[in-house]
Amino acid sequence: MKLLYAPGACSLGIHLLLEEIGKPYDAELVNLREGAQFKPEFTALNPKSKVPTLVRDDGTVLTEFPAIAFWLARTNPGAHLLPDDADSQTRALEAMDYVVSTMHMRGFTMIFRPDMFATAPAETEAVKARGLAMFTRGLEVMDAMLGDKDYLLGSFSVADAALFYVEFWGAGRLQLDLPARCKAHYARMLARPAVARMMAAEGLVG
Ligand SMILES: N[C@@H](CCC(=O)N[C@@H](CS)C(=O)NCC(=O)O)C(=O)O
């Protein structure tokens, strides 16, 4: 199995899940800044030009964070990355979809790629402000979902890997003061040995 990732990108959530699983895997750095995701070698694997991209042992490829996380959890039951009951599994998918499609693809992207949304340069600052509002609102929503629990579903699951990457962006790139329960969750995640291994491998500081 091989993970195609970029340091500090959303793929870090999948990277930490592979560390949690603890089986051997390869990790290949994709230099997004240099446009490696648009090169034929990459698009032959993933025509969407995105990380995370997971190449499985049979050569087939999985894309999209929630799908990769769900497959890793289902095929590695011993790692306990997803509770067994349908309700909890649905809640995990619900949380991952919100993190990826709203907080990341909408909020965060509007902040860092306003050109993808603004139709004129004069709109740029308004797009960034709207993105920041969406991202911070997302943190509040996740803070409420955490409630008094240590992890989103009670015990650690794939949903926490998704929340972790937006907490990492919020605390790091955006220099936000995370809401209290997210802040505690972020610290709890950083203390997990698998997360520490992923951070070291990607050269990141929490
Ligand atoms: N919906 C995708 C989003 C993946 C995504 O946007 N990845 C970013 C890095 S965080 C990327 O590869 N960007 C490269 C580009 O857009 O050129 C998922 O869930 O995996």
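Residues numbered from 1 in each chain as written. Predicted model: local features only at pLDDT ≥ 70, side-chain atom pairs only at ≥ 80, totals over all residues. Heavy atoms only, no water.

Visitor: What's the story with the domain arrangement of the protein in this structure? I'm lost.
Guide: Interfaces are often sized by the accessible area lost when the parts come together. Taken domain by domain, the protein consists of domain 1 (2-79) and domain 2 (86-192). A separation of 20 Å is found between the C-alpha centroids of domain 1 and domain 2. Listed by partner, the interface residues are 13 residues for domain 1 and 15 residues for domain 2. Both sides of the domain 1 and domain 2 interface together cover about 1,200 Å² of buried area, and 81% of this is carbon and sulfur. Among the residues of domain 1 in contact with domain 2, Cys10, Phe65 and Pro66 are the three that bury the most area, contributing 33% of the side total. Summed over the shared surface of domain 1 and domain 2, the number is one salt bridge. If you look at where domain 1 meets domain 2, you find two residue pairs in polar contact (both at pLDDT 80 or more). Among the elements of the structure, helix H1 (12-21) and helix H3 (65-75) are those that each provide at least two residues to the side of domain 1 that touches domain 2. Looking at the side of domain 1 that touches domain 2 residue by residue, the classes come out as ten nonpolar, two polar and one charged. (Domains from an automatic or database assignment. Contact = heavy atoms within 4.5 Å. Buried area = accessible area lost by both parts, 1.4 Å probe. Salt bridge = Lys/Arg side-chain N within 4 Å of Asp/Glu carboxyl O. Polar contact = N/O pair within 3.5 Å; in protein donor to acceptor, adjacent residues only side chain to side chain. Helix = DSSP H or I, 4+ residues; strand = E, 2+ residues; numbered from the N terminus. Nonpolar A, V, L, I, M, F, W, Y, C, P; charged D, E, K, R; others polar.)

Visitor: What should I look at first to understand the packing of aromatic side chains in this one?
Guide: Where two aromatic rings form a pair, the distance of their centres and the angle of their planes describe that pair. For the structure on display, the rule yields seven aromatic pairs. A ring pair is formed by Phe108 and Phe112, whose centres lie 4.7 Å apart and whose planes are at 40°; its orientation type is tilted. In this pair, Phe108 and Phe112 both sit in helix H4 (residues 86-112), four residues apart, roughly one turn of the helix. Exposure remark for Phe108: the relative accessible area of 5% places this residue in the buried category. Judged by relative accessible area, Phe112 falls into the partly exposed class, the value being 35%. Here Phe108 and Trp169 contribute two aromatic rings whose centre-to-centre distance is 4.1 Å and whose plane-to-plane angle is 20°, an arrangement assigned as stacked. Separated by 61 residues along the polypeptide, Phe108 in helix H4 and Trp169 in helix H6 (residues 158-171) bring together distant segments of the chain. For Trp169, a relative accessible area of 4% puts it in the buried group. (Phe/Tyr/Trp six-rings, centres within 6.5 Å; stacked < 30°, edge-to-face > 60°. Buried < 20%, exposed > 50% of the residue type's maximum accessible area, 1.4 Å probe, protein only.)

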